[in-house]
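If you want the building blocks of each chain, they are given just below.
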2 protein chains.
Amino acid sequence: MLRQRLLTTVSTRRVIAPAVARVHTTVGRGTTLSSLRPTIVRSPLLGAVRTPKPQFRVLATKGDEKPLKRRSKLARALFKTFAFCGFATLTIGGAIVAFFVYDASTYKDEADESDLAVPQLALSPRRGGPKNLPIAEILVDDDGDEAQKLLDKPRLVVLGSGWGSVALLKNINPENYHVTVISPSNYFLYTPLLPSATVGTLEVRSLIEPIRSITGKINAHFLKANAESVDFSEKLVEVSQIGPDGKSRSFYVPYDKLIVGVGSKTRTHGVEGLEHVNFLKDVNDARMIRKKVIENFEQACLPTTTDEERRRLLSFVVCGGGPTGVEFAAELFDMLNEDLTLRYPRILRNEVSVHIVQSRSHILNTYDEALSRYAEDRFSRQQIDVLTNARVSKIEEDKVIFTQQEGGKIITKELPFGLCLWSTGVAQTDFCQRIAELLDVQKNSHALETDSHLRLLGTPMGDVYAIGDCSTVQNNITSHITEFLKHVAWEQGIKDEKSIRLTFDQWRKIVPRIRKRFPQTTDHLRRLDKLFEAYDEDNSGTLEFDELKKLLEKIDSKLTSLPATAQRAHQQGQYLARKLNKLAQATPGLEMNDIVDGDVDDAVYKAFVYKHLGSLAYVGNAAVFDTGISGLSFGGGLIFLYLWRSVYFAQSVSARTRMLLAMDWGKRALFGRDLMNF
Amino acid sequence: MLRQRLLTTVSTRRVIAPAVARVHTTVGRGTTLSSLRPTIVRSPLLGAVRTPKPQFRVLATKGDEKPLKRRSKLARALFKTFAFCGFATLTIGGAIVAFFVYDASTYKDEADESDLAVPQLALSPRRGGPKNLPIAEILVDDDGDEAQKLLDKPRLVVLGSGWGSVALLKNINPENYHVTVISPSNYFLYTPLLPSATVGTLEVRSLIEPIRSITGKINAHFLKANAESVDFSEKLVEVSQIGPDGKSRSFYVPYDKLIVGVGSKTRTHGVEGLEHVNFLKDVNDARMIRKKVIENFEQACLPTTTDEERRRLLSFVVCGGGPTGVEFAAELFDMLNEDLTLRYPRILRNEVSVHIVQSRSHILNTYDEALSRYAEDRFSRQQIDVLTNARVSKIEEDKVIFTQQEGGKIITKELPFGLCLWSTGVAQTDFCQRIAELLDVQKNSHALETDSHLRLLGTPMGDVYAIGDCSTVQNNITSHITEFLKHVAWEQGIKDEKSIRLTFDQWRKIVPRIRKRFPQTTDHLRRLDKLFEAYDEDNSGTLEFDELKKLLEKIDSKLTSLPATAQRAHQQGQYLARKLNKLAQATPGLEMNDIVDGDVDDAVYKAFVYKHLGSLAYVGNAAVFDTGISGLSFGGGLIFLYLWRSVYFAQSVSARTRMLLAMDWGKRALFGRDLMNF
């Protein structure tokens, strides 16, 4: 029995037949069973019984070394191969089985029924406000048992579901606020990769993440609706949505803190005929472009299409040489180059043309000049036609009319198109225009102005914030100078600020306050002695009012407005969440006396500072990286394409979108872009 | 130097420190370098130099066995672990590197420019036909250098890009025909899984395959356009499509063989108000349903939505208890049960209702009764409301009006709905109606009638075939009896077929011809002696005209029409491709004298026989399988769900769709269905 056991265990260990045969021989040649007994040990790892190897080695040297050696080599090789194959199969098989076991656990047959305490106030909200609309104080997903407690919580209302809002939601402490997000889209869109979705390099669903999966994590509420207006005095947001009867219905959402992060729309520059062009702001824009590009291919194949029509259908014009326009042109060209000829008649490829109409002298003009040139060189090699210093004057049904300087003269030209993308910067949404009109100080027609604490200028209580594309931080220090100098004069006991004079010591003490109030001036307020010397024009040893004013105006002129990018919105959202967390904790204990100028925000948290982390752009199987540090910009071919993807992959919003992105890129490599439209 | 080399190589082999140390000791203990020299061999696999193992074993036995043994065990364990980890890393890393190397090879920077010989006739086609339209004899993707040769090739025109057409394209020999496919969709849709795409279990792009990737393989042409009509005498298909100017343009495509595989539309049963319901025939239908379901969820969350409205928004009504309706209800219910509560307020789940309105006494009424009952039981446990014997009389904007028998009385009821799916069988498309009107013998209002060779009845030259949902094989033997018996009478030298009499021997000789002509009768013409006996009512030993007629009519009544399924269309497409391949090769050598009744099709290939391979349906985390053999139908939970998926996975049209299907199923398990709409 023991012998049998030994054989079994040895064969368990080695699995394959030759090894078993060898042990057979060895054990058979007069070895007593008792002499083998102590060598049987139990492996803690395998749980199976095994004999340690040296035992066999000693046995093996007793006379029959040669045949054993030969067998042993074969056995060893076979063992290794089989063991590896077996292990690999087991690992992969195990992973598959594990996945199926997990998968099986995700199906639910029976609904989990449970009593729900839906708050009565959510089902029949009270009416009020200037328009006597329902006021949504409590929502259907609030816990009815805690309704009273919830009513006492400060209400944080976030308008929009873009970069700023999501960064805020990911960083806010849900304990402090009753959070409600209002947006017409129930997803967050990963905008930087949107150009890839226009030609099927990526699928649109890989770029979006349900906003409810983000709000869900912090027990925030989401309402798919449009913000229409704000009543700043009663602290109510007016919201509307098409109701179940197909008619628009309005209601109020009350707030204690309101965040406006509604983004922007495309700037028209007053050009007529934009009903004939495509935009690229949202997933539906990407879908429409993809559909139309392929439809043009199909029409170009029909026997009734003339040569001229075919050339027009296959002429793609991009108005705007910024990152979006450039990336779209690059993606489109890649598709035309890599996939079109695989599926469509070759004549299409020969008649395709891509044009970029750019008003400045370079494309990507906010980037390092070397990068602009790199992109232009690349495009000219790829026969993408870059038209610089060209201003679009009108769009007709099938052509772009534009003017271009040539030898000092301005010449009007036209470009027929099958598809025209209009991506020429951002403009204010209707909602922002409406609330800007309600506030006297809001004069900027491009964006809502905020102070450096991101508070919307002109709101009476400083409880409305604006972030992202829809906002701009008020850099206009000059307009604040008078007020600021008044304050300084008052501190020095001078009645008329015009007779102010600052010694170097006084100047040195004032600067930190300027820096704190306008953090972006920090870089320009470094060498205080040199500045003082340079602007003390009369060498009086003091800065007089006029000299001081000139100095501050100079600094003001050096400040640029923040870019309308995902990066900026993200930083603002993050900043605001941190401040709101601090505010919620600090306010109750904070005496008004401790607060400078009664400014709670300023007392608990620093002003917003934008840190530019660089820009990157895809330029057609290549990418450019502008780090913002001069001399440290770079770009190039495939390696940089992979780097570009890695950056966006790493920054992507969730594990789900990351997996989908990787899949989409893999799919493109294996099967190409699928040219189907519906 | 040699010693150093040896050490290096050993450490190369074993990687880890202890092993190196041991060799150090061994070599250090007085072994001459020359004695080691012959043991240095070059491994062909690793390319590195290694010492064979036995050398060390022999050295090891010389006195210092114990310390070596201890180290050896540790080393062995470590070696194995490290080796495995290293190997695994190398394998995975290697696979990733290999993929990136492959991926890098798929990008193209420069366009491959080459001279194109586009046939002049394709660019400016001649005009002709009854409407003097352009005739597309040669297309832009034809080779201009071979234009004359192509003009001589027989032209095969395929209308539609569904199951039948694709099966045909995959089996046709491209050498024989100049093939052109015409369809309004540039993709093939894998219809059986369409219900899964309505709720995001699968994505629509995973269900479709570019038709151009199928036509590309056989050098066939594709035109994205609508077939409008056929001129049977001049052999021209009239095709129309919206041109680049936005207006409809028409042209002719000439054919030698025409295949009609245009599918069907949803049957209305004359019910009014269908503008308020959704259908489920195409990918856009699935997209619209998904969008609307989620929109309803969002509306149900708004504070302005009343309780009654919420219940209506969340009431989903399916009209039609066939596989499509049942699978949609099942998919919808799974989503409601598994994903809704994760993202949306729980009140929604509590107020959701799903209803199936079925006119027959059971859902899935074409399936085995046990399976119908299984599905009904399952649905009743899941609180899916199955209303049988219910006839929809009218659809209003937000409710279905239907009548139901209750205790012998017919009662009119109504069901409010937020979304209503109408899936109640198939009807003829407009194109089919138009061509049926052109042919006198086409009287069936539901489908185009063909003979058992799938030739459209009534066409003068027998060169038009109809396959799939749009067609039905003419089973009406009775109407052919007179002709058939005439033929028999003529063969027997009898002038009036009414005075015909068949002896058993004559009967036995005639049966194979009936079987050949109507293959579906085979099952009913097995026991010829019994049949003869049974219908020889006067026991005369012969079958007279009336007896023969009665017998054939009886068989006729037993034949059922073919189901409107993917399976049937697929078999017909495959059959037709094989026949067309034979026809192309056989016709030239075939003398008309050899052909019975001048029927070339009949001479070269057998008639079409439908082989039912079974039906399957998804019934909500479970599936049922009807094999068509009584007693061999089965169904059940998860295991059958996986089986159901496996069947469709295996049958899927390409490697691409298979990968996408697997990904989608995995995605659902990991992240749930994404409830975003746009």
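Since the structure is predicted, the reported quantities are computational estimates derived from the model, not experimental observations. (Residues numbered from 1 in each chain as written. Chains lettered and ligands numbered in written order. Predicted model: local features only at pLDDT ≥ 70, side-chain atom pairs only at ≥ 80, totals over all residues. Heavy atoms only, no water.)

A word on the environment of B:Arg287
- Position of B:Arg287 among the secondary structure elements: in helix H11 (residues 283-300).
- Sequence spacing of B:Arg287 and B:Glu203 is 84 residues, and the spatial spacing of their C-alpha atoms is 9.3 Å.
- Non-local contacts of B:Arg287, meaning those with residues more than four positions away in its chain, are made with A:Arg287, A:Phe678, B:Val204 and B:Phe678.
- Within the structure, B:Arg287 has its side chain in polar contact with the side chain of B:Asn284 (distance 3.0 Å). (Helix = DSSP H or I, 4+ residues; strand = E, 2+ residues; numbered from the N terminus. Contact = heavy atoms within 4.5 Å. Polar contact = N/O pair within 3.5 Å; in protein donor to acceptor, adjacent residues only side chain to side chain.)

Looking at the packing of H11(B) against helix H13 (residues 323-343) of chain B
All names here are of chain B.
- Two elements in contact, H11 and H13, have axes separated by 13 Å at closest approach and are oriented at 40°. Considering their axes alone, H11 and H13 lie oblique with respect to each other. Here H11 and H13 pass one another in a crossing that is right-handed. Facing H11, whose interface residues are Ile 289, Val 293 and Phe 297, H13 presents Phe 328, Leu 332, Met 335, Leu 336 and Leu 340.
- Tallied by class, residues from the contact of H11 with H13 come to eight nonpolar, no polar and no charged. (Axes fitted to C-alpha atoms, helices over the stretch in contact; angles between N-to-C directions. Parallel < 35°, antiparallel > 145°, perpendicular 65-115°, else oblique. Left-handed = near helix turned anticlockwise from the far one by under 90°. Nonpolar A, V, L, I, M, F, W, Y, C, P; charged D, E, K, R; others polar.)

Side note on the side chain of B:Thr304
- Positionally, B:Thr304 belongs in the loop between H11 and helix H12 (307-313).
- Discounting residues that sit within four places of it in the chain, B:Thr304 has contacts with A:Pro134, A:Arg249, A:Ser250, A:Phe251 and B:Glu309.

Some details on the confidence of the model for chain A
Residue and element names in this part refer to chain A.
- Considering every residue of chain A, the mean pLDDT works out to 84; 86% of them sit at 70 or more.
- Predicted confidence for residues 1-68 stays below pLDDT 50, and this span has 72 contacts to residues more than four positions away or in other chains.
- For residues 589-596, every residue scores under 50 in pLDDT, and the model assigns this stretch seven contacts once sequence neighbours within four places are set aside.
- Reported confidence for the predicted complex is 0.83 by ipTM and 0.83 by pTM. (pLDDT = per-residue confidence, 0-100.)

Focus on empty space enclosed by the protein
- One pass over the structure, following the stated rule, counts 10 cavities of 30 Å³ or more.
- Reported here for the largest cavity is a volume of approximately 600 Å³.
- The wall of the largest cavity is formed by 31 residues, among which A:Glu203, A:Val204, A:Arg205, B:Glu203 and B:Arg205 lie closest to the centre.
- Sorting the residues of the lining of the largest cavity by element identifies helix H11 (283-300) and helix H24 (655-671) of chain A together with H11 and helix H24 (655-671) of chain B as the ones contributing at least two each.
- Across the lining of the largest cavity, the residue classes tally to 13 nonpolar, four polar and 14 charged. (1 Å grid on protein atoms, 1.4 Å probe; cavity = no way out; pocket = protein on both sides within 12 Å on 5 of 7 lines; lining within 4 Å. Points joined across faces, edges and corners; volume = space filled by probe spheres on them.)

So, helix H8 (residues 163-171) of chain A
Residues and elements named next belong to chain A.
- Taken across its nine residues, H8 has seven buried, putting it largely inside the fold.
- All of the buried residues in H8 are Trp 163, Gly 164, Ser 165, Val 166, Ala 167, Leu 168 and Leu 169.
- Its buried side turned inward, H8 meets strand E5 (155-159), strand E6 (178-183), strand E7 (187-189), helix H10 (211-217), strand E13 (257-260) and helix H21 (566-586). (Buried < 20%, exposed > 50% of the residue type's maximum accessible area, 1.4 Å probe, protein only.)

Here's the deal with the relation of the copies chain A and chain B
- The two copies are related by a screw motion: chain A maps onto chain B through a turn of 180° and a shift of 0.0 Å along the axis, at an RMSD of 0.2 Å. Both copies are brought into coincidence by an operation consistent with a two-fold rotation axis.
- Looking at the interface residues of chain A, 99% of them are also at the interface in chain B, so both copies use one shared face. (Least-squares fit on C-alpha atoms with pLDDT ≥ 70 in both.)

Quick notes on the pattern of salt bridges
- Counted under the stated rule, the structure contains 70 salt bridges over all chains.
- Measuring nitrogen to oxygen at the nearest pair gives 3.8 Å for the salt bridge that ties B:Lys394 to B:Glu396.
- Looking at B:Glu396, the relative accessible area reads 27%, which means it is partly exposed.
- Among the charged side chains, a network of salt bridges with common partners joins A:Glu203, A:Arg290, A:Lys667, A:Asp674, B:Arg205, B:Glu209 and B:Arg656. (Salt bridge = Lys/Arg side-chain N within 4 Å of Asp/Glu carboxyl O.)

A closer look at the pairing of E5(A)
Residues and elements named next belong to chain A.
- Across the five residues that make up E5, a large majority, five, are buried.
- Every second residue of E5 is oriented toward a common face, with Arg 155, Val 157 and Leu 159 on one face and Leu 156 and Val 158 on the other, all of them buried.
- Alignment of E5 against E6, held across five bridges, turns out to be parallel. Bridge pairing in E6 places Arg 155 opposite His 178.
- Each parallel crossover has a hand, and the one from E5 via H8 to E6 is right-handed.
- Of the strand pairs in this sheet, E5 and E13 are connected by four bridges, and their pairing is parallel. Note on E13: the bridge partner recorded for Leu 156 is Lys 257. (Pairing = 2+ DSSP bridges. Right-handed = clockwise from strand over helix to strand, strands pointing away.)

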